[in-house]
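The lines below spell out each chain.
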Amino acid sequence: MNEDQFRKRFRGALGEPPPGDLPRRLEGKLTTAPSSRTSSRAGALAATLALLVIAARKLPADFLKTVRTQPRWRPRAFFLLGAAFFPIWLLAGGFAASANLFPPAIMVFDIIVSLWILRLIFRSMGTELNQAHKVAFAFGLISPIIIFGIVASASFPLVIMNDLLVVLFSNKMWRKWKAWTFNQHYSLMQNMPKFGGDGRSMP
Amino acid sequence: MAVVTLAGDQSGFLDLLLPLVPAGQRLAYAMLQNAHDAEDAVQEATLKAWRAVDRVREGSPLRPWFLTIVANECRQRRRNRWWSVTKVADLGEFASPGPEANEDSAELRSALRRLPSSMRLTLVLRYYLDLPFDEIGRVLKCSPQAAKSRTHRALAKLRVEVPEELGT
């Protein structure tokens, strides 16, 4: 088989990409100059920093202070709120990118929603008997990362095995720690001086 | 051959870049063997090229430079662990396998997939895009002679994989 025959065979085997209007679509996307894209990113960063500084200075000191003695909801609700925390950012970013929104707008949206969720959680957490709620919230926060990690390593059995061992270990730790911390908590409430920030929630 | 003479002129650069998109699309399609992935890769590569407009050297040929970006993007996509399972499952999919699609063609495609990425790229540049060796050398970042010998090596390896198909 000579070179031309091979070329023909090669092209026949690979086929041709389906016809499309990619160049025209790209032309529409590339009408914005690269420099203005860079300035959009810089603008988003500046808006984020400015909003964080303003929020830190202007928000009242008790913005995140709890207003209850006992948690408002069961641990599952705190888990769900924690689990929604990071995906809201991702979904908002994806939506903004597809809708071609101005980047600083979505950064501001992310910060406001994050503050709202944090305020809701902190004010509802209570000061007593909230260990399970705190752990549920913390676990909710990291659960999207765990899920993404497991999906990403789905094709690597060794990594999955390792993940499974970590889950079993964490489960065992949780059971032991839960029993211990409740014992300590009640002992401290009844007999011992208080430790920690609020002196009541954690031993 | 399109040569950059308009460094910094974005509209002029766009006029040079867009005619190269179909070639980039063919390269990505041959490398990824999936129409959707190829389109995504070319879009991303074109955006990267567009952002790098200030870094293009005046007088340098644009096609090998753009095809290098497309090839890197394809390599990056195949490396991506997130999609590795999907990619393997999709490898056999061809939107338009051509009039000669048959068992022999499938065997040739399968053999091509088994080749290392650099060899596959060399063969695609030479026999699918019909590039001369000096342009292949620019894409592979080697001399035209080295590009020629790499093409022969890739061809020899492919011949080992499918001896009947290539008539050895």
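The coordinates are above.
The rules behind these values
- Residues numbered from 1 in each chain as written.
- Chains lettered and ligands numbered in written order.
- Predicted model: local features only at pLDDT ≥ 70, side-chain atom pairs only at ≥ 80, totals over all residues.
- Heavy atoms only, no water.
- Helix = DSSP H or I, 4+ residues; strand = E, 2+ residues; numbered from the N terminus.
- Contact = heavy atoms within 4.5 Å.
- Axes fitted to C-alpha atoms, helices over the stretch in contact; angles between N-to-C directions.
- Parallel < 35°, antiparallel > 145°, perpendicular 65-115°, else oblique.
- Left-handed = near helix turned anticlockwise from the far one by under 90°.
- Nonpolar A, V, L, I, M, F, W, Y, C, P; charged D, E, K, R; others polar.
- Phe/Tyr/Trp six-rings, centres within 6.5 Å; stacked < 30°, edge-to-face > 60°.
- Buried < 20%, exposed > 50% of the residue type's maximum accessible area, 1.4 Å probe, protein only.
- Lys NZ or Arg CZ within 6 Å of the ring centre and 35° of its normal.
- Polar contact = N/O pair within 3.5 Å; in protein donor to acceptor, adjacent residues only side chain to side chain.
- Core = buried A, V, L, I, M, F, W, Y, C linked by side-chain atoms within 4.5 Å.
- Salt bridge = Lys/Arg side-chain N within 4 Å of Asp/Glu carboxyl O.

Trainee: Give a description of the overall build of chain A that names residues and reports values.
Mentor: When its secondary structure is counted, chain A shows 7 helices and 0 strands. For chain A, the succession of helices and strands along the chain, N to C, is α-α-α-α-α-α-α. Considering only contacts in chain A between residues 6 or more positions apart, those separated by 24 or more positions represent 76%.

Trainee: Pulling in residues and values, what's your account of the packing of helix α4 (residues 62-79) of chain B against helix α7 (residues 117-128) of chain B?
Mentor: Residue and element names in this part refer to chain B. Between α4 and α7, whose axes approach to 12 Å, the crossing angle comes to 140°. Looking at the two axes, α4 sits oblique to α7. Here α4 and α7 pass one another in a crossing that is right-handed. Contact with α4, carried on its side by L67, A71, R75 and R78, involves S117, R120, L121 and L125 of α7 and no other residues of that element. Here the contact of α4 with α7 is composed, by residue class, of 4 nonpolar, 1 polar and 3 charged.

Trainee: Residues and numbers for the packing of aromatic side chains, please.
Mentor: Scanning the entire structure with this criterion turns up 6 aromatic pairs over all chains. Between A:F6 and A:F10, the ring centres sit 5.4 Å apart and the planes meet at 40°, which makes this aromatic pair tilted. A residue pair is termed a helical-turn pair when its members lie 3 or 4 positions apart in one helix, as A:F6 and A:F10 do in helix α1 (residues 3-14) at 4 residues. Of the two residues, A:F6 and A:F10, neither departs from the other in class, the shared state being buried. Put simply, the rings of A:F6, A:F10 and B:Y127 pair up and form one aromatic cluster. Directly above the aromatic system of B:Y128 lies the positively charged group of B:R26, at a separation of 4.4 Å from the ring centroid. Taking the ring centre of B:F133 as reference, the NZ or CZ of B:R126 above it sits at 4.1 Å.

Trainee: Pulling in residues and values, what's your account of the environment of A:L120?
Mentor: As for its position among the elements, A:L120 is in helix α5 (residues 103-125). Here the alpha-carbon distance between A:L120 and A:T66, two residues 54 residues apart in the chain, equals 9.2 Å.

Trainee: Can you explain the side chain of B:Q33? Please cite residues and give values.
Mentor: Residue and element names in this part refer to chain B. Note that Q33 resides in the loop between α2 (21-32) and α3 (35-51). Looking at Q33, the relative accessible area reads 0%, which means it is buried. In terms of polar contacts, Q33 uses its side chain to reach the side chain of R113, at 3.2 Å.

Trainee: So what's going on with the nonpolar core? Residues and values would help.
Mentor: Within the largest apolar cluster, 59 residues are counted, with the highest numbers of intra-cluster contacts made by A:F10, B:L27, B:L123, B:V124, B:L125, B:Y128 and B:L158. The biggest single contributor to this core is α3(B), with 8 residues. Within the second largest apolar cluster, 8 residues are counted, among which are A:F85, A:I117, A:I121 and A:M125.

Trainee: How would you summarise the pattern of salt bridges if you had to cite specific residues and measurements?
Mentor: What the rule picks out here adds up to 7 salt bridges over all chains. Notably, a salt bridge pairs B:E73 with B:K48, separated by 2.7 Å at the nearest N-O pair. Here B:E73, found in helix α4, pairs with B:K48, found in helix α3; they are 25 residues apart in sequence, far enough to count as distant. When its relative accessible area of 6% is taken as the criterion, B:E73 is described as buried. The class of B:K48 is partly exposed, set by a relative accessible area of 38%. It is possible to trace a salt-bridge network through shared partners that takes in A:D4, A:R7, A:R11 and B:D130.

Trainee: With reference to specific residues and values, describe the environment of A:F122.
Mentor: Residue and element names in this part refer to chain A. Structurally, F122 can be placed in helix α5. Among the residues examined, F122 registers a relative accessible area of 35% and is labelled partly exposed. With near-sequence residues (within four places) excluded, F122 lies in contact with L64 and T66.

These figures come from the coordinates and say nothing about function on their own.
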